[in-house]
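In case you want the letters, here they are:
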Amino acid sequence: MSGLISRLPQQVANQIAAGEVIQRPASVVKELMENAIDARSTQIQIFIKEAGRSLIKVVDNGVGIAPEDMELAFQRHATSKIKSIDDLTKIVTKGFRGEALASIASIAQVEVISKTQNQPLGTFLGMEGGRVTKKEAMAAENGTSIGVKNLFFNTPVRRNFLKSNHREQQYILDEIYRLAISHCHVRFDVFEEDQELLHLPVATIKFRLRNIFGPKLKDNLLEIESETQIAKISGYILNPSMSKKRGIPQYFFVNKRYIRHPYLRHAILQAYEGLLPEKNQPGFFVFLEAPTNKIDVNIHPTKTEVKFEEIEHLYPILNSTVKYSLGIHHITPPIDFDKNPEFSVPHFFRDTTVEPPTIPIDPKYNPFRDVEGKPSEWSNRMSTDISQPQRNPKLVEIAPDPTIFQLFTGYIVYSNGSSLVVINQRRAHQRILFNKICQENPTDKISSQLLIFPITISLSVKQNNVLKEIQNTLSLAGFQIKIINNTSIEVLGAPAFCPMEKINFIIIELLDKALDEMPDQNHGVEHLIAKFLSKKLAISNNRELNELEQKELVRDLFSCSEYVMSPFNKKILISFDKDSLVNKFE
């Protein structure tokens, strides 16, 4: 039997190959920006609409494409970067495989306008699904403009697998950041829906990082530098105080190419050993310069995987470089071999017994009551009407004058005569806050208190974009926020029980958490925010509550549709009736 094997049509082969190179809109942005940088551009503009679904346009002021090369540039394996197999050991450009433009053209509608410096006119080229639809001369500026419309229009299955606009936009920004950090001599301007999203002027690496990640980062950068025959290492690591469990920037570059390398990342983690809280991650921006014949970048079409010929030697060099930087910045104590290790004690104190210091404490002092014994400020911020019938009383009927008291400053013991209930006050407050933020009862909202002096907070562009999506949910939680620009906000009001000194920290941590964990569909955003804020804002288990506050907490808890378990699936209360109590004495 013969004739079973046949050659695939070129268009089908291109679409299959495009699956490796172009995975989402961010892949298109990456490939077009890399081409612009290889064309020696000093200014790159990126325009996107619908997170790249309907439009991605990259405009540069590079050398341009000659008219006779326009169509050839979109043929598979056509490239100006290498000529022979020997060139693979001397790669200094971002691209070299000749696959990106062909892959993009096969799954989108492409419009290209390009002009070289020695040509009087530019050239327009229109393509759809890999086929040329139009080509003509036209007036144009020096450089290249490539517009990619309706990505995956002829592969709808791939389009259906794209995530939410918010998530796809984050992927795009990630790719822009990776190139912007390693090419500070290039100006980047990003526009979404005709509004400026990001402006990165030419700057030093330190100021480029500040413009991307915010001013706080710049003050916590620790420089690293080392040069050996194997590689030159430079860049910055972050102060351990900036570490986070997630969302911390970690960037590796080899010859200005962004890479992922778990083995080298482990070398940095080892250098921070003992300096970070459990499960926290350090931040770093590490630039490696290695001979091109000692590395292999031709591993995967995305070109983020690199093999080093002498990786076993590079690991300890990187590790010691990071340790040295932490030492000279007094993050870890440097070793002084000339110093006598014997602890130095002044002569007059050598025979003195050291007594532990004492702190005078007034056991009758209660910070939550004023001098006249009135209810605390916390209770005044809550409704004082506790006599009204409650919605969904559930477990117990709230008596007009129930027996209630606080036990061990963390539990509320409540009885209406027929049963005894012990409530964990922190978990109860978490449930109450969670339900209010999620609008279980639209008329039951968290009260907000206007700040006398608004708090200004600096954000990264990513954080600001997330804030725009969750601002309405934050308002339900009592935060009144005004967006000033793409990198700063003003907090005008906060929940009445939120400590003033924690407002900045809570908002920044929430935005970082949302960046990593925000669901692709918007219907899960409220639960994510509600769980975070209920955990951060709930009263502690060592806070003394007066009787009015205790009654308020019990009333609000039994008004919730779920009152037995906290938002974190932990038990809120335990109850005893008369029979169970009698059984304890048998």
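Above this note sits the structure.
Residues numbered from 1 in each chain as written. Predicted model: local features only at pLDDT ≥ 70, side-chain atom pairs only at ≥ 80, totals over all residues. Heavy atoms only, no water.

*Asks:* Before we move on, can you summarise the packing of aromatic side chains with the specific residues and values?
*Replies:* Using the criterion set out here, one finds 13 aromatic pairs in the structure. Each ring, one from Y251 and one from F285, has its centre 5.6 Å from the other, and the planes form 10°; the classification is stacked. Taken together, the residues Y251 in strand 11 (residues 250-254) and F285 in strand 13 (residues 284-289) connect sequence positions 34 residues apart. On the basis of relative accessibility, which here comes to 0%, the residue F285 falls in the buried class. On the numbers, 4.7 Å between centres and 35° between planes, the contact of Y263 with Y315 is tilted. Taken together, the residues Y263 in helix 8 (residues 262-271) and Y315 in helix 9 (residues 311-328) connect sequence positions 52 residues apart. According to the relative accessible area criterion, Y315 is buried, its value standing at 15%. The rings of Y177, F213, Y251, F253, Y258, F285 and F287 are connected pair by pair, giving a single aromatic cluster. (Phe/Tyr/Trp six-rings, centres within 6.5 Å; stacked < 30°, edge-to-face > 60°. Helix = DSSP H or I, 4+ residues; strand = E, 2+ residues; numbered from the N terminus. Buried < 20%, exposed > 50% of the residue type's maximum accessible area, 1.4 Å probe, protein only.)

*Asks:* A description of the nonpolar core should follow, citing residues and the corresponding values.
*Replies:* Inside soluble globular proteins, nonpolar side chains tend to come together where they are buried. I44, I46, F74, V148, F188 and F285 are the most contacted members of the largest nonpolar core, which totals 59 residues. In terms of nonpolar packing, the next biggest core, distinct from the first, is built from 36 residues, I457, A494, L528 and A530 among them. (Core = buried A, V, L, I, M, F, W, Y, C linked by side-chain atoms within 4.5 Å.)

*Asks:* Before we move on, can you summarise the pattern of salt bridges with the specific residues and values?
*Replies:* Taken as a whole and assessed by the stated rule, the structure comprises 15 salt bridges. Among the ionic pairs, D189 bridges to R187, the shortest N-O distance being 2.7 Å. According to the relative accessible area criterion, D189 is buried, its value standing at 2%. The exposure class of R187 is partly exposed, given its relative accessible area of 32%. A single network of salt bridges, built from pairs that share partners, joins K30, E31 and E34. (Salt bridge = Lys/Arg side-chain N within 4 Å of Asp/Glu carboxyl O.)

*Asks:* Summarise the sheet that holds strand 20 (residues 480-485); cite the residues concerned and give the values.
*Replies:* Taken in spatial order, the three strands of this open sheet run 19-21-20, and their pairing is antiparallel. The open sheet has two free edges, formed respectively by strand 19 (448-458) and strand 20, since each of these has just one partner strand. On average, each strand axis in the sheet is inclined to that of its neighbour by 15°, with strand direction left out of account. Looking at chain direction, strand 20 and strand 21 (residues 488-495) are connected through five bridges and run antiparallel. Note on strand 21: the bridge partner recorded for I481 is V491. (Pairing = 2+ DSSP bridges. Axes fitted to C-alpha atoms, helices over the stretch in contact; angles between N-to-C directions.)

*Asks:* I'd like to hear about the sheet that holds strand 10 (residues 232-238), residue by residue, with values.
*Replies:* Strand order in the open sheet made by the five strands is 9-10-13-11-12, with mixed pairing throughout. Looking along the sheet, the strands with just one partner apiece sit at the ends: strand 9 (221-227) and strand 12 (257-259). Each neighbouring strand pair of the sheet contributes to a mean axis angle of 20°, computed without reference to strand direction. Set on the sheet, helix 5 (residues 165-182) makes contact with strand 11, strand 12 and strand 13; between it and strand 11 the angle comes to about 55°. (Contact = heavy atoms within 4.5 Å.)

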